[in-house]
Amino acid sequence: MQLYYQTGWSSALRLYYEVGRKAFQRSTTYKLATVTGLIVNSFFGYIHSYVFLAVYSSVLVSTVAGFSALNAVSYTWLSQALITVTQVWFEKDISKTIVTGDVVSDFYKPFDYQTFWFSRFAGNSVYAAIFRAIPTYTIGIIFFGAQLPQHLATLPLFLVSLVFSVTVSFLIGYIFNLTTFWTLNPNGVLTLGAIIQMFFSGFIVPLAYLPDWLGLLADLLPFQAIISIPAQVWLEQHTGWDILLPQIFWVLVLWFAARGVTRLASRKITIQGG
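Residues numbered from 1 in each chain as written. Predicted model: local features only at pLDDT ≥ 70, side-chain atom pairs only at ≥ 80, totals over all residues. Heavy atoms only, no water.

Examining the pattern of salt bridges
And then number 1: The final tally for this structure, using the stated rule, is five salt bridges.
And then number 2: With a shortest N-O distance of 2.6 Å, Glu18 and Arg21 are connected by a salt bridge. Pair noted here: Glu18 and Arg21 are both in helix α1 (residues 8-28), with a separation of three residues, about one helical turn.
And then number 3: On the basis of relative accessible area, Arg21 is assigned to the partly exposed category, the value being 31%.
And then number 4: A salt bridge links Arg120 to Asp93, with the nearest nitrogen and oxygen atoms 3.7 Å apart. Remark: Asp93 occurs in helix α4 (residues 93-100) and Arg120 occurs in helix α6 (residues 113-144); sequence separation between them is 27 residues.
And then number 5: According to the relative accessible area criterion, Asp93 is partly exposed, its value standing at 30%. (Salt bridge = Lys/Arg side-chain N within 4 Å of Asp/Glu carboxyl O. Helix = DSSP H or I, 4+ residues; strand = E, 2+ residues; numbered from the N terminus. Buried < 20%, exposed > 50% of the residue type's maximum accessible area, 1.4 Å probe, protein only.)

With respect to α6
And then number 1: With 32 residues, α6 should cover 46 Å at 1.5 Å per step; its first-to-last C-alpha distance of 43 Å lies within 8% of that length.
And then number 2: Ala129 marks where α6 bends most, by close to 45 degrees. (Expected span 1.5 Å × (residues − 1). Bend = angle between axes of the 7 residues up to and from the residue.)

Regarding the packing of aromatic side chains
And then number 1: Following the criterion strictly, the structure yields 29 aromatic pairs and no others.
And then number 2: Considering the side-chain rings of Phe43 and Phe44, the 5.4 Å spacing of their centres and the 75 degrees angle between planes classify their relative orientation as edge-to-face.
And then number 3: Here Phe43 falls in the partly exposed class, since its relative accessible area comes to 49%.
And then number 4: When its relative accessible area of 37% is taken as the criterion, Phe44 is described as partly exposed.
And then number 5: Look at Phe199 and Phe200: their rings are 5.0 Å apart centre to centre, the planes differ by 90 degrees, and that puts the pair in the edge-to-face class.
And then number 6: On the accessibility criterion, Phe199 (27% relative accessible area) is partly exposed.
And then number 7: These aromatic residues form a ring-pair network of at least three members: Phe107, Phe111, Tyr113, Phe116, Trp117, Phe118, Phe121, Phe170, Tyr174, Phe181, Trp182 and Trp255. (Phe/Tyr/Trp six-rings, centres within 6.5 Å; stacked < 30°, edge-to-face > 60°.)

Interpretation in functional terms is not warranted from these geometric data alone.
Now the structure itself:
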């Protein structure tokens, strides 16, 4: 069972803010990794862009599933930019603490376990947005003319959508990480989960390209909230705030689902004696 100090909302918020800030600062120390990651994102952005351009040049229509060639290229660079912000590949930091046993002490520290890890995730995401996402998409603008929003109202809608996107990605990854309590070796579950998430989030290709039956499945899953929905907002394929409803729904569902899994995990610690 987790123990909490009655410190009040202000003290709690300050704690989680500091956790996020420390995560941001820690990310700044890995400058070579940032540059390397930027090169990798740009490389795949180049490759995917030329693939889309080749495909569109060979067809007789100017749009496919509502995407023009410019839309497809812009989507490619945006997905490459967002991959580090959303950390769509599943970090394994939580599962590592479960394997080593450090999670036992974490559960009894004076903070909310789930919110603590979310704060760390958010701090890393803010760093990635500034030092990976913006430079990556800027390269797409310079070399491929990637689109920028034409309406000022798109920017706040996109930022809110991105916050929900990061939250959904964290919650899915968090739940998958906690399965380590039952599997003991997390590699298989996390790898499979990351593959599923990357595909159904729209990172590999826009979900609009999928066949009808697979597109319907994608619409029913939470992964679309990670890449596909923010991309639709950025490309102004959908300009209404109602596009956030699926994201809001999944944030609520997954947050409480994660609470439930956390409680089950804490009971497993108690039953096993730590």
